[in-house]
Amino acid sequence: MPINANDRRIRRVVILGGGTAGWMTAAALSASFERRIAITLLESEEIGTVGVGEATIPTIHWFNELVGLDEAEFLRATKATFKLGIEFVGWRRPGHRYFHPFGQYGAALPGVAFHHRWLKARRDGLDVALADLSLATRLAAENRFAKPQGEARSILSTLGYAYHFDAALYARHLRGHAEARGATRVEGKLARVERHEGGRIAALHTERGERIAGELFVDCSGFRALLIGGEMGAGFEDWSHWLPCDRAVAVPSARVGETTPYTRSTVRPAGWQWRIPLQHRTGNGYVYCSRYLSDDEAAATLLANLDGEALAEPRHLRFVAGTRRTPWVGNVVAIGLSSGFLEPLESTSIHLIQSGIAKLLTLFPDADLDPALAERFNTLFSADMDGIKDFLILHYHANAGHEEPLWRAVRDMPLPETLVAREAQYRRSGRLILGPEELFRDASWLAVLNGQGLEAEDYNPLADALDPATNVAQVRQVAEVVARAAPTLPRHDEALAAILGHPVG
Ligand SMILES: Cc1cc2nc3c(=O)[nH]c(=O)nc-3n(C[C@H](O)[C@H](O)[C@H](O)COP(=O)(O)OP(=O)(O)OC[C@H]3O[C@@H](n4cnc5c(N)ncnc54)[C@H](O)[C@@H]3O)c2cc1C
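Owing to the predicted nature of the structure, the values given are computational and were not obtained by experimental measurement.

A. Here's a closer look at the side chain of His-164. Residue placement: His-164 occurs in strand β6 (residues 162-164). A polar side-chain atom of His-164 sits 2.8 Å from a polar atom in the side chain of Thr-81.

Shown next, in the form of structure tokens:
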């Protein structure tokens, strides 16, 4: 007898937690399954959310399109600004600055990758910095913004962008979309978890006595990891020996002047400070290592380094860098902080949420919960986390001239072998060794390797096939096109106001 697929489909998904992760999951599932699945989300206002997380990376466009967000409406609802990348202040050494842009360096020319052309041109005497080959970097420096457009030969096609937004407003916006598509929200605290005999979860019970049954449970309970850790016992791999910062203090400040289309990350004695411009305020925080700094000192340093008046009391947060190697166990899938955490240096947490959601959609199980799907999910998630981890460590480790204990410790610490190999290969041959699934691609690694002061001693020999004078002229021409294009593009606030339909502020 043919098996009726409908009989084995999952019918009820239960999400525990209504932070960014919970509502992103609810919005994505409700948009994708169109009421074929009942989605129930349990959250507790009393417990609240982590309440930070304002900077994103360009993969956010995939998610917003999946959910069907209109960009102008989303920008208005979340008080968002555009983001062209991150400015790193004092990371290589005190007083130094560099920019990690979204998008590409140079131009799309056939043959060897553009950065090898640049490395060769420099060997042949061209004095053009990497930053001069990135339109996004130039726009950020001039406080201008444009979206990528045009055919591959246009310099505008090399741009990439993301957003800064108010994470609480984003979650609220997504909640509206999810509820409009049938997702149900239950207010209350989890009291106990009911298990099937085989160990899978059958239902969540709230303190008020509701029973929320399902076949699949998504754990979006944040650092508490109540289902994946508490119930299913998935272990946590601690990476604090590589990423020792374990606290943050955050405070919003009044907006001053024009909004900037980039995040700023400034080195401080025991960590670094973020500055994230929104339409109505600026988000600030000091991420630090509690071994070297007290919470009070961190708050005082943050408050002394704001560019506008503080709008609230500083909020303190604690975390441990690390991951779960099995974020999917049985019928529980962890998405968000419950699955692991990497500090916000490259704004990767919201990306990891959406990448978890994408994997869950691709591998969405039937009620029999084929273990091969969980295994695949866990392998892919680990690869995501490992690649990002190496990239973050690079920022810390490649520093010179900082003599505070944190900065000496991270400079001298043993590195993951994968990062040692990547750095060595770049120094030796200018090559970037990346796995096919890695989030950060050539342009990002190049920006940070170069920005942190690692010099490539050679380039891909393929570039020797280029005529040296022609190559030098082509690379110089790209820098000239970038310099000419930037002043013709709108200021960031103008570009934003044109889409919002009203002035920024
Ligand atoms: C200092 C810092 C800065 C950050 N900056 C960025 C950034 O710039 N960009 C970025 O992408 N990410 C950033 N992040 C990460 C980002 O904040 C999170 O990834 C994101 O907010 C998702 O959190 P979450 O939804 O997993 O958890 P939470 O926001 O903690 O939500 C957990 C939910 O679970 C519910 N819950 C918990 N226990 C119970 C219970 N017993 N009963 C019922 N409900 C319960 C809570 O009520 C809440 O709704 C940052 C994180 C930190 C710590």
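B. Representation of helix α9 (residues 295-304). Residues of α9 that are buried: Ala-298, Ala-299 and Leu-302. For α9, the arc enclosing every buried residue in end-on projection is 95°, short of the 170-degree limit, so these residues lie on one face. The outward face of α9, more than 90 degrees from its buried face, is lined by the exposed residues Asp-296 and Ala-304. The inward-facing, buried residues of α9 abut β13 (247-254), β15 (271-277), β16 (281-288) and β17 (315-318).

C. Structural view of the sheet that holds strand β7 (residues 184-187). Read across the open sheet, the six strands follow the order β7-β2-β1-β11-β20-β19; overall the sheet is mixed. This sheet does not close on itself; its edge strands, each paired only once, are β7 and β19 (328-329). Strand direction decides the pairing type here: strand β1 (residues 12-16) and strand β11 (residues 216-219), joined by four bridges, are parallel. Within β11, the residue paired with Val-13 across the bridge is Leu-216. The strands touched by helix α2 (residues 20-33) are β1, β2 (38-43), β7 and β11; relative to β2, the strand with the most contacts, the crossing angle is about 170°.

D. Looking closely at the environment of Thr-470. Within the fold, Thr-470 resides in helix α15 (residues 468-485). Residue classification places Thr-470 among the partly exposed positions, given a relative accessible area of 41%. Along the primary structure Thr-470 and Ala-121 are separated by 349 residues, whereas in three dimensions their C-alpha atoms are 9.4 Å apart. In this structure the side chain of Thr-470 is engaged in a polar contact, spanning 2.5 Å, whose partner is the side chain of Asp-467.

About the thresholds
Residues numbered from 1 in each chain as written. Predicted model: local features only at pLDDT ≥ 70, side-chain atom pairs only at ≥ 80, totals over all residues. Heavy atoms only, no water. Helix = DSSP H or I, 4+ residues; strand = E, 2+ residues; numbered from the N terminus. Polar contact = N/O pair within 3.5 Å; in protein donor to acceptor, adjacent residues only side chain to side chain. Buried < 20%, exposed > 50% of the residue type's maximum accessible area, 1.4 Å probe, protein only. Arc of directions from axis to C-beta. Contact = heavy atoms within 4.5 Å. Pairing = 2+ DSSP bridges. Axes fitted to C-alpha atoms, helices over the stretch in contact; angles between N-to-C directions.

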